Amino acid sequence: MNGTDILTIARKDARTALRRRGVRLSLVLFPVIAAVGLSLVVRYAGTRSGTTIPPEILSRLLVSFLFFFVIGSSSLPTAIAAYSFVGEKVERSLEPLLATPVTDLDVLLGKALAAFVPPVVATWFGAGLFIVITDREVSRSGGTTHLPDATAWLILGLAIPLSALLSVLVSVLVSVRATDTRSAQQAAGLLALPFAAVYVMSEIQVISLDPAGMLTLAGVLAAIDVVLFVLARAAFDREEILTRWR
Amino acid sequence: MEGLTRRFGETVAVDGLTVEIGDGEVFGLLGPNGAGKTTTIRMLAGLIGVTSGRATVCGVDVTDRSAGPRLRGLVGVLPEEVGLYGDLSAAQTLDFFGRLQHLRPGVRAERIDELLNRLDLWDRRDTPAASLSKGLKQRLALARALVHDPPVVLLDEPTANLDPEVARTVREFLVDLRTRGHTVVINTHRLEEAERICDRVGILRTRLLRVGAPTDLRASMTGGRVTIGLEQVTDPVLEAAQRLCSGATGNGRGHLPHGAALVSGDRSITATLPVGTAVADLVTAVVLAGGRVTTVSQGESLEDVYLQIVEERS
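Residues numbered from 1 in each chain as written. Chains lettered and ligands numbered in written order. Predicted model: local features only at pLDDT ≥ 70, side-chain atom pairs only at ≥ 80, totals over all residues. Heavy atoms only, no water.

**A closer look at the overall build of chain A**
Operational definition: Segments assigned H or I by DSSP are reported as helices when at least four residues long, segments assigned E as strands when at least two residues long, and all are numbered from the N terminus. Burial here depends on accessible area, computed with a 1.4 Å probe over protein chains only, as a share of the maximum for the residue type. Under 20% is buried, over 50% is exposed, and the range in between is partly exposed. Note on contacts: a residue pair qualifies if any of its non-hydrogen atoms lie within 4.5 Å across the two residues. Surface accessibility in these figures is a Shrake-Rupley result with a 1.4 Å probe; residues are shielded only by whichever protein chains are displayed.
When its secondary structure is counted, chain A shows 12 helices and 0 strands. Sequence-ordered secondary structure for chain A, helices as α and strands as β, is α-α-α-α-α-α-α-α-α-α-α-α. Considered along the principal axes of its C-alpha atoms, chain A spans approximately 65 × 35 × 30 Å. Every one of the 246 residues in chain A was classed for burial, and the buried ones make up 51%. Sequence-distant contacts in chain A: of pairs separated by 6 or more residues, those separated by 24 or more amount to 85%. Accessible surface, chain A as shown: approximately 11,000 Å² in total, 67% of it carbon and sulfur.

**Description of the packing of helix H3 (residues 90-100) of chain B against helix H4 (residues 105-118) of chain B**
Residues and elements named next belong to chain B. Condition: Throughout, an axis means a line fitted to C-alpha atoms (over the contacting stretch in the case of helices), and angles, computed between N-to-C directions, take values from 0 to 180 degrees. When an angle is under 35 degrees it counts as roughly parallel; over 145 it counts as roughly antiparallel; between 65 and 115 it counts as roughly perpendicular; any other value is oblique. Each crossing gets its handedness from the near helix: less than a right angle anticlockwise from the far helix is left-handed, clockwise is right-handed.
Taken N-terminus to C-terminus, the directions of H3 and H4 make an angle of 135°; their axes are 10 Å apart at the nearest point. Regarding the angle of H3 to H4, the classification is oblique. The way H3 lies across H4 gives a crossing that is right-handed. For the pair formed by H3 and H4, the contact residues are Ala 90, Ala 91, Leu 94, Asp 95, Gly 98 and Arg 99 on the first element and Arg 108, Ile 112, Leu 115 and Leu 116 on the second.

**Looking at the interface of chain B and chain A**
Rule in force here: Throughout, buried area stands for the accessible area (probe radius 1.4 Å) lost by two parts on being put together, summed over both. Salt bridges are defined by distance alone: a side-chain nitrogen of Lys or Arg within 4 Å of a carboxyl oxygen of Asp or Glu.
Taken together, the contact pairs 28 residues of chain B with 25 residues of chain A. Note on chain B versus chain A: buried area summed over both sides is about 2,400 Å², and carbon and sulfur give 59% of it. Three residues stand out in chain B for area buried against chain A, namely Leu 47, Tyr 85 and Leu 100 of chain B, and they jointly supply 23% of the buried area on that side. Counting the contacts that link chain B with chain A gives 3 salt bridges.

**Section: the packing of aromatic side chains**
Stated formally: A pair of Phe, Tyr and Trp rings is counted when the ring centres sit within 6.5 Å of each other, with Trp represented by its six-membered ring. The angle between the planes then sorts it: under 30 degrees is stacked, over 60 is edge-to-face, the rest tilted.
By the definition in use, this model includes 8 aromatic pairs over all chains. On the numbers, 6.0 Å between centres and 45° between planes, the contact of Phe 69 of chain A with Phe 130 of chain A is tilted. Here the residue Phe 69 of chain A occupies a position in helix H4 (residues 68-75), and Phe 130 of chain A occupies one in helix H7 (residues 104-140), the gap between them amounting to 61 residues. Taking relative accessible area as the criterion, Phe 69 of chain A reaches 0% and is therefore assigned buried. Ring plane angle 15° and centroid distance 6.1 Å describe the contact between Tyr 85 of chain B and Phe 97 of chain B, whose orientation is recorded as stacked.

**Comments concerning the confidence of the model for chain B**
Residues and elements named next belong to chain B. The condition that has to hold: Confidence scores per residue from the predictor, reported as pLDDT, run from 0 to 100.
Predicted confidence across chain B gives a mean pLDDT of 84, with 89% of residues reaching 70 or more. When the criterion is pLDDT under 50, residues 247-260 qualifies, and its contacts beyond four places in sequence or with other chains add up to 25 contacts. The ipTM assigned to the predicted complex is 0.85, against a pTM of 0.81.

**Thoughts on H4 of chain B**
All names here are of chain B. Rules: Between the first and last residue of a helix there are one fewer steps than residues, each counted as 1.5 Å, and that sum is the expected span. Read the arc as the range of directions from the helix axis to the C-beta atoms.
The end-to-end C-alpha distance of H4 is 20 Å, a good match for the 20 Å that 14 residues give at a rise of 1.5 Å each. Within H4, burial applies to Arg 108, Arg 111, Ile 112, Leu 115 and Leu 116. One side of H4 holds all its buried residues, which, seen down the axis, span an arc of 125°. Against H3 and helix H5 (134-146) lie the buried residues of H4. Once H4 finishes, Asp 120 follows within two positions and takes phi at roughly 55°, a positive value.

**As for the pairing of strand S1 (residues 2-8) of chain B**
Residue and element names in this part refer to chain B. Stated formally: Here, any two strands with at least 2 DSSP bridges between them count as paired.
Where S1 lies against strand S4 (residues 52-54), 2 bridges are found, and the strand directions are antiparallel. Each bridged residue has a counterpart across the sheet, and for Thr 5 the counterpart in S4 is Ser 52. Bridge count between S1 and strand S2 (residues 11-17): 4 bridges; the pairing is antiparallel. Residue pairing in the sheet places Arg 6 in a bridge with Val 14 of S2. Counted between consecutive antiparallel strands, the loop separating S1 from S2 contains 2 residues, among which Gly 9 sits at a positive phi close to 65°.

This is the structure we're talking about:
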């Protein structure tokens, strides 16, 4: 494994993807709109009821809102990954890249890094903004700040990166069959659905988004990521790409 | 290459390819679509594996997958599709690939400047690849293959779909590569191109059907046959030609009977030259005998030879 090669590829891919307006917009708009919008919901909910939200309910509400950023991080990487993998496949630019001394693993890691880092940073920014705004709101209304609590740290530190990684790996596997970036993005974007289901289940209290629940979720995500990485590694083989990727 | 074979499932793409390509040689691989030319290039570049047989490039065994990165540092590959990054400029493209070839910054900058100049891309160095014309894209792709100054260059259809002027520029550059000592393997459909720039060509149709210098291949199919058009065929001209040609003199008109070395027509003589006799020797002998030469045609073209060989084996 050659870190310099990985970074060279990652920088090039990230720069290329970020030149596209659609990618830039998705990376900026989702975190900002989610942070501001969800904060407004918290504020409005308190005002409408005429009383302050009980702390235990507010705490659960804030964590479940913070989970929205996990949903976001599971779909944001598809925009970059689609260009990085399917885009290169369509443009036939993978062969020259594979003809360099770089190993398959380094190419995969470089491309995965390019698709992983910007969305995770953008999601962290959005989640951080949400925490700052809601803390200010809660403090202003005389309540006790809840975030970041242990669950929030687990969301930020584990769930967001692991779901983003899952999205990148699914994109690699989708790119084997996809013939254009849009369909690759749409197929990989379906990944947000299971996370949305987790959110709904937490709302109806089938599962709990407490530290134990988040650790369980993170463990499941990590296990899936490992399996998908093995599959992606097998799919992203020089020979497979040149002879089977169509 | 020795018995180099590649199968894809039940399909044999390349079967028992055996040929040795020397240092500084320009070797052309000719063959119809699906003949295994691209597969051969990919095997030599370490891009795909080998089913059986062996091949070495600059002493590196292409069947040794662990040697892949080293092998890919020794070869420069121009794929059939240029596959450039549309957003990167010409200079950025070369810089990116120079980095991946692990060139030191100073060397990289020098190579980039040199290639941009040699391939007339200097004025377009900051232009995104997507905005370049087809010919300029092809030149940039060539520069990309050469950024690390590889001793072996593998080119898959380097002039395909280019207009004649651009194709000529690329051909001139390939000749320049030979003079600089690079070993070049070219896949091409353009037989006149192979004839002009290749030291030897191999005709491939899954198996290697024939290998040789283009002139030798032609001679092997036509038996060194030359037709000289004359204003008038005179006895002294015939005698001079006979002296140069071995074997019996035929007396037919137009076609060379089997085994005959010389046939005369009203305004032409067709001779089968013995080994070691050049066409120029025959023409000189004819002119010295008072013949007024109007045309000289040397047997069949490489294209005829190619088609004949490929059809024979199909």
